[in-house]
Amino acid sequence: MKRLFVLFTLSLTLVSLSAQAQTTIKYGTLSYNALMREMPEYGLMQSRLTSLRAAYQSEVRYNEQTFETMFADYLSGQQTFAASILAKRQRDLQEALEKSLAFRAEADSLLQAAEAEMLVPIRARLDSVIAEVGAERGYEYIINTDQGVFPFIHRTVAEDATPYVRERLNARKE
């Protein structure tokens, strides 16, 4: 009877171990940012941002030149202006400087908002492809290695999903 119990326990343990071996968890890894930078849509977005940045920079230069001209006029007439005109010119200079600084801040904010808005469809497409590859390859998770928060990923349960995602992105140009 004791032998039968030991044999039963041993066989149950072996069945349990083989079941666990068959349900191996599988993970994918990739660099999200690297894949995104490879997308043609990302290059187009960067080109649009460069054009927008150049337009804002042109306006900033215009504001600076206007301020420099006003300042040069102020300096050249400083000795001859009446006190009320001198005070007005100082206020004009101060106002021009404040407007210029406010425009720079607004331009930076607008550029950041434009970039965030342009990234939405790019990220959505990449996320969709990653989800498809994850389901197709049977991954439990796909880990983004960009931030370096995983100092060790065991390669027997994880594989690089980058080539599969890249292939799907290139096959599904939208």
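Structure report, in brief. None of the values given here were measured: they were computed from a predicted structure. (Residues numbered from 1 in each chain as written. Predicted model: local features only at pLDDT ≥ 70, side-chain atom pairs only at ≥ 80, totals over all residues. Heavy atoms only, no water.)

1. Some points on the overall build of the chain
To keep things clear, this is the line we draw: Secondary structure elements are defined from DSSP: runs of H or I of at least 4 residues count as helices, runs of E of at least 2 residues count as strands, and each element is numbered from the N terminus. Between buried and exposed lies partly exposed: a residue is buried under 20% and exposed over 50% of the maximum accessible area for its type, with that area taken using a 1.4 Å probe on protein chains only. We call two residues in contact whenever any of their non-hydrogen atoms come within 4.5 Å of each other.
If you tally the helices and strands in the chain, you get 5 helices and 3 strands. Overall, the chain shows an N-to-C arrangement of helices and strands of α-β-α-α-α-β-β-α. Here the chain holds 174 residues, and the buried ones make up 23% of them. Long-range pairs, those at least 24 residues apart, make up 84% of the contacts in the chain with a sequence separation of at least 6.

2. Remarks on the pattern of salt bridges
Just so we agree on the cut-off: Any Lys or Arg side-chain nitrogen located within 4 Å of an Asp or Glu carboxyl oxygen qualifies as a salt bridge.
Under the criterion given, the structure shown has 9 salt bridges. Residue glutamate 41 pairs with arginine 125 through a salt bridge whose shortest N-O separation is 2.6 Å. Taken together, the residues span a long stretch of sequence, with glutamate 41 in helix H3 (residues 40-77) and arginine 125 in helix H4 (residues 83-137) at a distance of 84 residues. As a salt-bridge pair, glutamate 95 and lysine 99 come within 3.3 Å of each other at their nearest N and O atoms. With glutamate 95 and lysine 99 both in helix H4 and 4 residues apart, the pair spans about one turn of that helix. Via salt bridges that share partners, Lys26, Arg137 and Glu159 belong to a single interconnected network.

3. A closer look at the sheet that holds strand S2 (residues 141-144)
Operational definition: We call two strands paired when DSSP finds no fewer than two bridges between them. Under this scheme, a helix contributes an axis fitted over its contacting stretch, all axes are lines through C-alpha atoms, and angles between N-to-C directions fall in the 0 to 180 degree range.
The strand order S2-S1-S3 describes an open sheet built from 3 strands, whose pairing is parallel. Bordering the open sheet on either side are S2 and strand S3 (158-160), each of which pairs with just one other strand. Along the sheet, successive strands turn relative to each other by an average axial angle of 30 degrees, direction set aside. Across 3 bridges, the pairing between strand S1 (residues 27-30) and S3 is parallel.

4. Quick look at the pairing of S1
Across 4 bridges, the pairing between S1 and S2 is parallel. Opposite tyrosine 27, over in S2, you have tyrosine 141 as the bridge partner.

5. A short note on the side chain of arginine 168
By the element assignment, arginine 168 lies in helix H5 (residues 162-171). Setting aside chain neighbours within four positions, we find arginine 168 in contact with Val129, Glu132, Val133 and Glu136.

6. A closer look at H3
Residues that lie three or four places apart on an α-helix share one face, since the helix turns once every 3.6 residues. As a reminder of what qualifies: Here a helix's expected span is defined as the number of its residues, less one, multiplied by 1.5 Å.
Compared with an ideal rise of 1.5 Å per residue, which puts 38 residues at 56 Å, H3 spans 56 Å between its outermost C-alpha atoms and is within 8% of the ideal. Buried within H3 are the following residues: Tyr42, Met45, Leu49, Tyr56, Val60, Asn63, Tyr74 and Gly77. Buried-residue contacts for H3 involve helix H2 (32-38) and H4.

Structural measurements only, silent on function.
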